[in-house]
Each structure stands twice: as structure tokens, then as C-alpha cells.
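# A structural walkthrough
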Amino acid sequence: MAILDVQGVCKDFGGLRALNQVNLQVREGSVHAIIGPNGAGKSTLLNCFVGRLKPDTGSVTFNGKSLLGINPHEINQAGVARVFQTPEIFADLSLIENVKIPAFAKRDGAFRLDLWSRTDSHAEVRDHAEAVLEDVGLADKRHMHAGSLSRGDKRRLELAMCLVQDPKLLLLDEPTAGMSRADTNATIDLLQRIGERGITKIVIEHDMTVVFTLAHTISVMAQGAVIAEGEPEAIKGNPRVQEAYLGGAHL
Amino acid sequence: MSAATVDTLRRGNAAASVPAGDTASSRSDHIKFAVFAIAVLTMPVWLSPIGAGYPDLVQKFAIFGIFAIGFNILFGLTGYLSFGHAAFLGVGSYAAVWSFKLLTMNVVPAMIFGVLASGVFALLIGYVSLRRTGIYFSILTLAFAQMSYNLAYSVLTPITNGETGLQLALHDPRVLDGPAEAGLPTTTLFGMETIGYPGFYVCAVMLIVAYYVAMRITRSPFGMTLRAIKSNQNRMNYTGFNTRPYTLAAFVISGMYAGLAGSLMAVVDPLAGAERMQWTASGEVVLMTILGGTGTLLGPVLGAGIIKYFENIFSAFNDQVLGRIFDFLPEVLQNLMVTLVHPFVGEGWHLTLGVVFMLIVIFLPGGVMEGIGRISARISRSRSNRSS
Ligand SMILES: Nc1ncnc2c1ncn2[C@@H]1O[C@H](COP(=O)(O)OP(=O)(O)OP(=O)(O)O)[C@@H](O)[C@H]1O
Ligand SMILES: [Mg+2]
């Protein structure tokens, strides 16, 4: 069954057609990779899922409910979390706070006026946040400023911020960009481990090792359209995919 | 100020605000709080060697300290720079004086009404202004405050008594106080007169309460949410937070702090005028907060104290005083120095303030608190060097 169902989505920026009749069905519990050259419209598509952009036409349905016209925080509360292409973290806060905040959002909802208890008295939130930081390998940096992290670490932190919410659907926009080979492998491991928990994932990646290790299904985008879709083996041999990537990454 | 400058100021001492967030233990908070409370209550003693121990001045420190602590909840924690907070100060004063006129000279209802009235007023202004962020938010708050100031002078004269200001009168009803005695009454705390030192102690106790509440807020999940909004509001939305009610709550709370400060102004001197709402007063609390240390608990109080202290000293200087200071110089030089210094004192004291403010923003963006932090870091470093 499709947990996310995208039908006929179009998006124009001025004269540029960034998304052109995109259809996409993401199976519950699967890892769905979206690949394609720079400017293909991959991030724009994710923006339409989380309420950053509103498609000109088409529908986006998550768990049987339309995601169009509702606020980003409501989409998150419905169970969609996202790692952005450029890390979106709380640079002025410590790592542990960065992870506690989404944990509070998950526990307390979109708004709760709790101005009298001490943050560190919420032991279950703290323990959960520390466990997730441990998972992504950042536990020893938990009192550091998030802003001082390397790009790869920021990404892992952002991943932790999503994982602590235990989302139903996790959107990953280039989760390993800017990471060393070792860190990339660690991230693949981590994503495989959380795969066992049954979180549905959409992964945008340029790193083909990551794609072919993780994905159950691959959609290939070029110039705003999905030009091919299928299992990894089928995609590898598809001539249209080879063509779209000419001059870009090699499969 | 450009948007970029505002941004640098907001972020001024991000470094200093992290320990405030999650590493400070409950115990060290309570120790600091106890020291703060004692220091506030003994201000008349330890400030008298520098000539600032008398009630008129120490109660000003306390009142503006409250104003700045509240302002910092909005500006320092949440990152919204309001240029209109004096409006809430004014509303608090008017509400308190009306309480003195209609109900009783007891200061407790006056403070309650001051806080409530400014809270409601802040809810209205905040609801509209918070639809924008950054410089647009600042301009909206400035516009609202100037509107309030002008209204207080014109159509609202029946409530504000226009240019004369709202004052006590012999024929005021004061329904809870019983028959009036001869002459204008003074403010009381359940029968005890609150002029002079008792007036200061009312302000001091309220400052201590205000600090405690701000401390609780800073350490609470709500406070952490506000700091996260300041750091990255965009991320907050994708993290499942509806940020609007959080920012509105911060705005209303800081408006209520301003209202409390305004009502205390009426407690120590029961009259209220529209000039209290002017933009210069709104700007002053911005300076206090930045000078002391944006985002810290103690900084705004220090900033308020420093500005009010130097205002008191510098504005009292005139040419005779200057002449006496420089009379060790030959007469020509003496006159020259007096002429040079003259624009910076008396009425011109704001010029000095402006210069000091520029120096702080450039060299010490985290304000006095950053300075204290740097000095104590240097001391502990040299100490550990010596011991190793
Ligand atoms: N907010 C916007 N306004 C105008 N044009 C945009 C906007 N966002 C994206 N675009 C354009 O839409 C096209 C698709 O961009 P998008 O970021 O979705 O590509 P992408 O597939 O994610 O590429 P990359 O692999 O480089 O991240 C690009 O030409 C981009 O310039
Ligand atoms: Mg992209």
C-alpha cells in the first residue's frame, strides 16, 4: 500500500517548469530513492511534500490525507520529518538541545505553554535524545554548539533530530553530501538499522553506492519529470537513465 | 540600524547563552538567585559609596531592571526586536493611577491592574505585529507605540488627561479607602506608606520576583523553544511547532513585565504622562539590554542600572561643575576642556550614551556580561597556568 501518493504534480517558477506531471507512489516501509542530475527538481518535489511549496496542480496524499494547503508543522505532526539539502539546525543551541526540541514537539504537540518546569527534569525526553545522539555517533559532542560542527556532523545531527520523532515518513535530501567515505558508510549502516524499524524513507542521493545499497525502488528525474522508475537492477540497465546522466555521475 | 546589524546584535553572545540553556544546574541557579536577591535588597548600602544609595535612584534601578528583564524575554530569547515597548510601560502607569483614583491607594491592586492592562494591550499589538519578522516587526511595534503616544495626547484625553498627565485629585472616589483625609493621599501597602525606602523595597521585591520568573522561563521547555525560534524559526515549523502562539506568549509576557515596571513608576510617584510612551523610552530599553548582555538573565538588569546611574551623574553636570573639575589646568585650557566636554553632559548626556553604545556593539557585542565572562576566563586561565 502506498503511504505517500503523488498524482500529476506541476510547479512553475516564472517560465521554468520545475515539476512536470510528477506521479510517485511510495510503498509503506520501503526505501524509495530519487536520483537525477542537478536541477532535475528533486528538492522541489520534497518541498511540495512538507508545505514549503504549493504545487500548481496535482495532489499529494499521505496516509489517505491530503498534504496540500496545510501548514508545515501540521505535516510534521502527522508524521513526516525531513533532512534538508543544506542542514537546517539550531546553530546557537547545543547538540542535545537540538535533539530535545523535536522530541518535545513529538511528545507535547505543536504548542504547549510549559514555562515553569525545568527542561532537564523531563528525564524521558533527555534519555531518548541522548540515545539517538549515541545512535548517530555524536554523543560525545552533546554539549557543543551545533553551529561549530562540520558539515557532515550537522547532517547527522539533523538526522538525529528527525529520528527522535520516530516519523512515519522520513525525507532525506542528500544525507551523505559533504561526508567522508567512512562517515558515509556509517550513515548507510545507521539508515539500514533504522530501516528495521519500518520507517518509510525517501532518499535523494548523488552517491550511487548509497542508492544501490539502500533503495528498494528508484525513481529517476530529469528536467522536472520522472523518466524511469523501478527496482535498482532494472534502473542500472535503463538506456534513458544513462542518457540523463551523461556528463553527470556514472552508474 | 540595518537588518544585518540587528541580526549581529541578536546573535551577539550566542556563545554565552548556551550554558544558560542546558548545562546550568538547578543548584547553581538557586545560588545565583539568592545572591541576586541579597544584592538587590542591600543596594542602598553598597551603592551609597558611589553616591547612588538613595531611594529615588535605587528604585529607578529596580524599575528599569524589571523593564529590561521582560524586554530580554522577547528580544534576547526569542529574537524579536521591539521598538515599541514603552507603550506597555505607559499603559501600566495609567492603569495603576486609575486604580489609585477609583479603588484604593494600596499598591497591590495597582500593580495587578497595570500588569493585566498591558498584557491585554500586548496581546492586541503582538497579534498584528508578529505577522512579520525582522525589521518589519520592529517598524510595526514602533508605529503602534507612536500611535498610542499620539492617542494618549489627543482622543484618549478623558482617560489620560492629555498633556497634563493623569494625577490624583482630592475628589477621586477611591471606593475601597473610606472617607478621605485632608490633602492628597500617598500610596500604601496595606496601610504602610510606600514613599522613600518602603517604596524602594516594593520595587526591589518585584525585581526579585521578576528575575525568578524569568529564570524559570529561561530554564523551561518554553524558554528553550523560544531560543530555538530565535536560532532557526524555519526549522521549528518543519519540526512540528506552531511558532506563532509561542512568539505571542513571549510578546505578552514581556509586555506584562513592562506594565509592572510602569505601574511601579506610579507607585513611587502617582502620576502618568504620555511621554512615558515615547520612542526614546522604547529605544532606551534596547540599549540597556544590549549594553548588559542580550540573552542573559543578569545582563539587562546591569545594563539598566549602568545607564540610569550614568544618566543621573552626567545629566547633573553643568559648566560650573566642569569648571571645577578642570580648575587644575591653566585658564585657557580649562575653558577649552569645558567647551569640549560640554556637549556630552547635561542635556547632551545622550551623546555620551551613544558613543558608549557604539563602542560596546563594536568591541563587546555580548555586553557587560561578555566582558565579565572574558575577565573570569582570563583569571581562571592564569590560575591554572600557575598551578601547573
Ligand atoms: N524557490 C525557487 N524559485 C525559483 N526557482 C527555483 C526555486 N527552487 C528551485 N528552483 C529551480 O528549479 C529547478 C529544480 O531545482 P531543485 O532544487 O529541485 O533541483 P534538484 O534536483 O534538487 O538539484 P540538486 O541535485 O542540485 O539539488 C532548478 O532549475 C532551480 O533553479
Ligand atoms: Mg536538491
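An account of the accompanying structure is given in this report. Bear in mind the structure is a predicted one, so any value in this text is a computation, not a measurement. (Residues numbered from 1 in each chain as written. Chains lettered and ligands numbered in written order. Predicted model: local features only at pLDDT ≥ 70, side-chain atom pairs only at ≥ 80, totals over all residues. Heavy atoms only, no water.)

Across all of its chains, the model carries 19 aromatic pairs over all chains by this definition. For the pair Phe84(A) and Tyr238(B), a centre-to-centre distance of 5.1 Å together with 65° between the ring planes defines the contact as edge-to-face. In this pair, Phe84(A) is assigned in the loop between strand 6 (80-83) and helix 3 (95-108) and Tyr238(B) in helix 11 (residues 221-238), connecting two distinct chains. A relative accessible area of 2% places Phe84(A) in the buried class. Ring geometry for Phe36(B) versus Tyr211(B): centroids 4.0 Å apart, planes at 20°, classification stacked. With Phe36(B) in helix 3 (residues 26-41) and Tyr211(B) in helix 10 (residues 197-219), this residue pair connects regions lying 175 residues apart in the sequence. Like Tyr211(B), Phe36(B) is buried. Put simply, the rings of Trp116(A), Phe33(B), Phe36(B), Tyr211(B) and Tyr212(B) pair up and form one aromatic cluster. Directly above the ring of Phe212(A) sits Lys236(A), whose terminal nitrogen or CZ lies 4.6 Å from the centroid. One Lys or Arg, Arg131(B), reaches over the ring of Tyr127(B) and ends 4.8 Å from the middle of that ring. (Phe/Tyr/Trp six-rings, centres within 6.5 Å; stacked < 30°, edge-to-face > 60°. Helix = DSSP H or I, 4+ residues; strand = E, 2+ residues; numbered from the N terminus. Buried < 20%, exposed > 50% of the residue type's maximum accessible area, 1.4 Å probe, protein only. Lys NZ or Arg CZ within 6 Å of the ring centre and 35° of its normal.)

Looking now at a nonpolar patch on the surface. Residues and elements named next belong to chain B. A surface patch of nonpolar side chains, about 690 Å² in accessible area, is lined by Phe344, Leu351, Val355, Met358, Leu359, Ile362 and Phe363. Within the secondary structure, valine 355 sits in helix 17 (residues 349-363). Given the relative accessible area of 35%, valine 355 is considered partly exposed. (Patch = residues over 30% accessible without salt bridge, like charges linked within 9 Å, V, L, I, M, F, W, Y side chains within 5 Å. Areas by Shrake-Rupley, 256 points an atom, 1.4 Å probe, with all protein chains shown as cover. Salt bridge = Lys/Arg side-chain N within 4 Å of Asp/Glu carboxyl O.)

The interface of chain A with chain B comprises 43 residues on the first partner and 37 residues on the second. Carbon and sulfur atoms make up 59% of the area that chain A and chain B hide from each other, which totals about 3,400 Å². If you look at where chain A meets chain B, you find three salt bridges. Its salt-bridge partner being Glu158(A), residue Arg235(B) comes within 2.6 Å of it at the nearest N-O pair. Linking chain A with chain B are 22 residue pairs in polar contact (both at pLDDT 80 or more), by the criterion used here. Secondary structure elements with two or more residues in the side of chain A that touches chain B: helix 2 (72-77), strand 6, helix 3 and helix 5 (151-163) of chain A. It is helix 3 of chain A that provides the largest number of residues to the side of chain A that touches chain B, a total of seven residues. (Contact = heavy atoms within 4.5 Å. Buried area = accessible area lost by both parts, 1.4 Å probe. Polar contact = N/O pair within 3.5 Å; in protein donor to acceptor, adjacent residues only side chain to side chain.)

Residue and element names in this part refer to chain A. Within the open sheet, the four strands sit side by side as 2-1-4-5. Their pairing is antiparallel. The open sheet terminates on both sides in strands that have one partner only, identified here as strand 2 (16-27) and strand 5 (65-66). Of the pairings in the sheet, the one linking strand 1 (residues 2-13) to strand 4 (residues 57-62) comprises five bridges and is antiparallel in character. Considered in strand 4, the bridge of aspartate 5 is made with threonine 61. Running over the sheet, helix 1 (residues 42-50) touches strand 1, strand 2 and strand 4 and is turned about 65° from strand 2. (Pairing = 2+ DSSP bridges. Axes fitted to C-alpha atoms, helices over the stretch in contact; angles between N-to-C directions.)

Another aspect to go through is the site of ligand 1. Residues and elements named next belong to chain A. The environment of ligand 1 is made up of 13 residues, and the closest members are Asn38, Lys42, Ser43, Thr44 and Gln85. Between ligand 1 and glycine 39 there is a distance of 2.9 Å, counted from an oxygen atom to a backbone nitrogen or oxygen. Within the contact set of ligand 1, an oxygen atom lies 2.8 Å away from a side-chain nitrogen or oxygen of lysine 42. Relative to its free-state accessible area of 630 Å², ligand 1 is covered by the protein chains to the extent of 62%. Secondary structure elements with two or more residues in the shell around ligand 1: strand 2 and helix 1. (Near = heavy atom within 4 Å.)

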